[in-house]
Amino acid sequence: MSHGDGGGAAEGKLDLVPLIDTIMLLLMFFILTSKFSTEEKAISSLLPTDKGQMSSAPSKPVEEPKQVNICIYPAGMQKGYQPSEYRDALAKIRQPGQNVDFATLRVGADQMEVDGRTLSRSQNAEEVSRHINAIHGMIGAALEKFETGSGERKDQYPVIIHCFSGMSWRFALVAYDAVRYYESTKATFKFTGNPEELARMREVTFAPPRIRNYSANELGNELYEVIHMK
Amino acid sequence: MSGKKRKKHFDSISDELDLVPLIDVCFLILLFFILCGRLTLDQRTEQITVPPTKTAQKLPETRGWERVVVNVYGSTQNGKPPRNSIAMPPLLPWYSDKVDDYTGYQRLRQELNKVHDKVEKYDDPKGTGMKLPKAIIEIRADAETEYRVVQEIQQVLSDTIDPFNNMLPKNVKPAELKSFVNIDFTTRKPGEN
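In this text the structure is predicted, and so the values were computed from the model without any measurement.

Q: Tell me about the overall build of chain B, residues and numbers included.
A: Scanning chain B from terminus to terminus reveals 4 helices and 10 strands. The helix and strand sequence of chain B, counted from the amino end, reads α-α-β-β-β-β-α-β-β-β-α-β-β-β. Contacts in chain B between residues at least 24 apart in sequence constitute 60% of all its contacts with a sequence separation of at least 6.

Here it is as structure tokens:
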């Protein structure tokens, strides 16, 4: 690019070439450094303070408390096998460095298969929405069977999501989303995002981890427990 | 005669009014503000694709509540125990590679303790005697993150396990725990990647 011969300045004209040079450089800089991200939203949750692994928790009730368990484990696994068989089945399903893409989502006797690839990788909004709606429908119908008939939502049986620790986060979150959606259809008030309102809503939590060192045998045991949970 | 005068007058003004330094300075100021804004506001610098959901709400501005974003990424590599990274920008991410490596959880707990000491507290409505911090921890986990990592982070947030002692349960009174109970999970609208 030419910067002029100086004749322009003598005539009192502003030399625009360096200005354009600079603007081009800045434009290039911003184009290269900026990244376009989608607008992010959030689902709120409240961790329980009166249960879990606290050593000084109140004495345990004799009767097991009523709760609704949502179980998530790799698709294709059935009840009635030994932990070692689940361990071997997992090794066949899960290739090194890969996640399990298909999950079974079960609430009581109701269950369905969830396609993780649609959830996390599909660009087709309609396809993703359809799949999420199907999950919401299944979980909603299952939760309907556990209604206690009490007026306050916080008095309903707590929902606990038991996801096999080796599955990806998308499955657990979509189950959480489905319960929250079901609750929004039953809610007596509209949640505005204020954290204090969460105490008035039904308790929905993720089960604490069962194992610590993630050996193949322990993963088999964990699968056995999740698959056989009521 | 008058035309000549006018031309002279015009020349003297354009000689005095040199716009180049003005433009230079404007660009410098613009650059300064753009870069400063980026440094202070962006807690979401990690390249993370959060999972899609339908009930999510726009991140609300909650007065009197501190919001802390925890970026999480974790995966299984070559069938080995999972590797994970936890980041609280502008701090650099903390990586854990091995089975007994709890670096990420330990550093997270240290930072959470600082937040806990700083913010306002309220009494636990469930009557456990705990003083809960007025802070919302936003877990911004990648859709492909192993569920285990998110699960353990929730345990670290509730302070019921000790990352400095092999992630074993803490043996203290509930009132002594530095628990964070208000958690947000970051999501996006279906189909937007």
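Q: Pulling in residues and values, what's your account of the overall build of chain A?
A: Counting its regular elements, chain A contains 7 helices and 6 strands. Along chain A, from the amino end to the carboxyl end, the secondary structure elements read α-α-β-β-α-β-β-α-α-β-α-β-α. For chain A, the proportion of its 230 residues judged to be buried stands at 32%. Put simply, of all contacts in chain A between residues at least 6 apart along the chain, 72% involve residues at least 24 apart.

Q: An account of the environment of A:Tyr73 is requested, with residue identities and associated values reported.
A: Residues and elements named next belong to chain A. By secondary structure assignment, the location of Tyr73 is in strand β2 (residues 68–74). What makes Tyr73 buried here is the crowd of 26 C-beta atoms within 10 Å. Discounting residues that sit within four places of it in the chain, Tyr73 has contacts with Ala103, Thr104, Phe164, Leu223, Val226 and Ile227.

Q: Tell me about the packing of helix α3 (residues 83–93) of chain A against helix α7 (residues 216–228) of chain A, residues and numbers included.
A: All names here are of chain A. Across the interface, α3 lies against α7 with an axial gap of 7 Å and an inter-helix angle of 110°. On the basis of their axis angle, the class for α3 and α7 is roughly perpendicular. Residues Pro83, Ser84, Tyr86, Arg87, Leu90 and Ala91 of α3 form the contact with α7, whose participating residues are Ala216, Asn217, Leu219, Gly220, Asn221, Leu223 and Tyr224. Considered class by class, the residues forming the contact of α3 with α7 number 8 nonpolar, 4 polar and 1 charged.

Q: I'd love a proper account of the sheet that holds strand β6 (residues 204–206) of chain A, names of residues and values included.
A: All names here are of chain A. Here we have 5 strands laid out as an open sheet, ordered β4-β3-β2-β5-β6, and mixed in their pairing. Here the strands that pair on one side only, and so sit at the sheet edges, are β4 (110–115) and β6. When strand polarity is set aside, the average angle formed by the axes of neighbouring strands in this sheet is 20°. Sheet topology note: the β2/strand β3 (residues 102–107) ladder contains 5 bridges and is antiparallel. Looking at β3, one finds that Pro74 is bridged to Ala103.

Q: If you had to explain unusual backbone geometry to someone new, which residues and values would you point to?
A: Residues and elements named next belong to chain B. One non-glycine residue with positive phi stands out, namely Asn166, at about 55°. Considering the arrangement of structural elements, one finds Asn166 in the loop between β8 (161–162) and β9 (168–169). Classification of Asn166 by C-beta neighbours within 10 Å gives exposed; the count is 11. In this structure, Met167 is a non-glycine residue whose phi angle is positive, near 60°. Along the polypeptide, Met167 turns up in the loop between β8 and β9.

Q: Got a sec to walk through the nonpolar core? Specific residues and values, please.
A: Residues A:Ile70, A:Ile72, A:Ile139, A:Ala172 and A:Ala175 are the most contacted members of the largest nonpolar core, which totals 77 residues. Beyond its immediate chain neighbours, meaning those up to four positions away, A:Ala175 contacts A:Ile70, A:Ile72, A:Leu105, A:Ile139 and A:Ile161.

Q: Please give an account of helix α5 (residues 125–144) of chain A that cites residues and values.
A: Residues and elements named next belong to chain A. Between its first and last C-alpha atoms α5 spans 28 Å; for 20 residues at 1.5 Å apiece the expected length is 28 Å, and the two agree. Taken as a whole, α5 has its buried residues at Val128, His131, Ile132, Ile135, His136, Ile139, Ala142 and Leu143. Taken end-on, α5 shows its buried residues confined to a sector of 135°, consistent with a single buried face. For α5, the exposed residues set more than 90 degrees away from the buried face come down to Glu126, Arg130, Ala141 and Glu144.

Each value, and the rule that gives it
Residues numbered from 1 in each chain as written. Chains lettered and ligands numbered in written order. Predicted model: local features only at pLDDT ≥ 70, side-chain atom pairs only at ≥ 80, totals over all residues. Helix = DSSP H or I, 4+ residues; strand = E, 2+ residues; numbered from the N terminus. Contact = placed C-beta atoms within 7 Å. Buried ≥ 20, exposed ≤ 12 C-beta atoms within 10 Å, placed from the backbone. Axes fitted to C-alpha atoms, helices over the stretch in contact; angles between N-to-C directions. Parallel < 35°, antiparallel > 145°, perpendicular 65-115°, else oblique. Nonpolar A, V, L, I, M, F, W, Y, C, P; charged D, E, K, R; others polar. Pairing = 2+ DSSP bridges. Core = buried A, V, L, I, M, F, W, Y, C linked by C-beta atoms within 7 Å. Expected span 1.5 Å × (residues − 1). Arc of directions from axis to C-beta.

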